[in-house]
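One-letter residues, chain by chain:
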Amino acid sequence: MISAREALKQLRTGNLRFISNVRGSDAFLSHARRVELTKDQQPFAIILGCSDARVPAEIVFDRLGDLFVIRVAGNIVAPSQVGSVEFAAARFGTRLVVVLGHSECGAIVATLEELRRPTENQSRNLRAIVDRVRPSVEGLLETDLRSDLDALVQQAVRVNIRASADHLRHGSEVLEQLIHDDGLLVVGAEYSLETGVVEFFDGLPEAV
């Protein structure tokens, strides 16, 4: 399995192909590649991303069959997501985890709206998502950002990504040990709906 640094390099290269409207040789899985994947998988990166239909990680990074992708509204971290990351990291030896948020995230907007004007009789399942996002973003409403909705959402997206990445780094004994002993790297990134660019900004090693 490749190192976290090499995996990060490959993701950046794939995203560059995506925004340049160029596809790699495996952009559409060949029959031979599909047959190969029935025997085994060796994902070189784990992506915890948002369920938003506009952010399909395999396409954004131009890597079909190479990524272990977990998607949930707001790229939140709950026990099932932690367990999924643990499974892939331990089972496949994958050494890079990316928490991938995106601009104009609906789950973030919904959480901010709920904090400003609480909804009566909200579904407990939807509330579970809001409650996962709430701790990281509610402090922003006490700053000057509360009067600038666009800037507020932009900062809230970043703060939520950082919180999810930090949760993975410090909320699992399995992942903590892999980080300490085996070079597992957890980073945060944001996908721009406007440009297609993925910006890695949290948890990067030096000189990367």
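Enquirer: An account of the pattern of salt bridges is needed here, citing residue identities and associated values.
Expert: With the rule as written, the count across this model stands at 9 salt bridges. Across the pair Arg54 and Asp52 runs a salt bridge whose closest N-O atoms are separated by 2.8 Å. Taking relative accessible area as the criterion, Arg54 reaches 48% and is therefore assigned partly exposed. When salt bridges that share partners are traced, they join Arg158, Glu190 and Glu199 into one network.

Enquirer: So what's going on with helix α5 (residues 106–116)? Which residues, and what values?
Expert: Residues of α5 that are buried: Ala107, Ile108, Thr111, Leu112, Glu114 and Leu115. The arc that holds the buried residues of α5, viewed along the axis, is 160°, so those residues lie on one side. Buried residues belonging to α5 abut α6 (124–137) and α7 (149–170).

Enquirer: With reference to specific residues and values, describe the pairing of strand β1 (residues 45–49).
Expert: Of all 5 residues in β1, 5 are buried, a share of seventy percent or more. Along β1, one buried face is formed by Ala45, Ile47 and Gly49 and the opposite face, lined by Ile46 and Leu48, is buried too. The pairing of β1 with strand β3 (residues 96–102) spans 4 bridges and is classified as parallel. For Ile47, the partnering residue across the bridge sits in β3 and is Val98.

Enquirer: Report on the sheet that holds strand β4 (residues 185–191), specifying residues and quantitative values.
Expert: Overall, mixed pairing links the 5 strands, which are arranged β2-β1-β3-β4-β5 in an open sheet. Looking at strand neighbours, the two that pair on one side only are β2 (67–71) and β5 (198–202), the edges of this open sheet. Strand-to-strand, the axes of this sheet are offset by a mean angle of 30°, without reference to chain direction. Examined bridge by bridge, β3 and β4 share 7 bridges and lie parallel to one another. The residue bridging Val99 from the neighbouring strand is Gly188, located in β4. Across the sheet, helix α1 (residues 4–19) is in contact with β1, β2, β3, β4 and β5; its angle to β3 comes to roughly 35°.

Enquirer: Describe the state of the cysteines, naming the residues involved and giving the relevant values.
Expert: Under the definition given, this model contains 0 disulfides. For Cys50, which is in no disulfide, the shortest distance to another cysteine sulfur is to Cys105 and amounts to 4.1 Å.

Enquirer: Lay out the nonpolar core in plain terms, naming residues and giving numbers.
Expert: Counting residues in each nonpolar core, the largest one holds 36 residues, and the members touching the most others are Ile46, Leu112 and Leu168. Every element with two or more residues in this core is listed here: β1, β2, α4 (79–92), β3, α5, α6, α7 and α8 (173–182). Top contributing element to this core by residue count: α7, with 7 residues. For Ile46, the residues in contact, after removing those within four places along its chain, are Phe68, Ile70, Val85, Ala88, Ala89, Thr94, Leu96, Val97 and Val98. Within the second largest apolar cluster, 22 residues are counted, among which are Ala4, Leu8, Val55 and Leu185.

Procedures and definitions
- Residues numbered from 1 in each chain as written.
- Predicted model: local features only at pLDDT ≥ 70, side-chain atom pairs only at ≥ 80, totals over all residues.
- Heavy atoms only, no water.
- Salt bridge = Lys/Arg side-chain N within 4 Å of Asp/Glu carboxyl O.
- Buried < 20%, exposed > 50% of the residue type's maximum accessible area, 1.4 Å probe, protein only.
- Helix = DSSP H or I, 4+ residues; strand = E, 2+ residues; numbered from the N terminus.
- Arc of directions from axis to C-beta.
- Contact = heavy atoms within 4.5 Å.
- Pairing = 2+ DSSP bridges.
- Axes fitted to C-alpha atoms, helices over the stretch in contact; angles between N-to-C directions.
- Disulfide = S-S within 2.5 Å.
- Core = buried A, V, L, I, M, F, W, Y, C linked by side-chain atoms within 4.5 Å.

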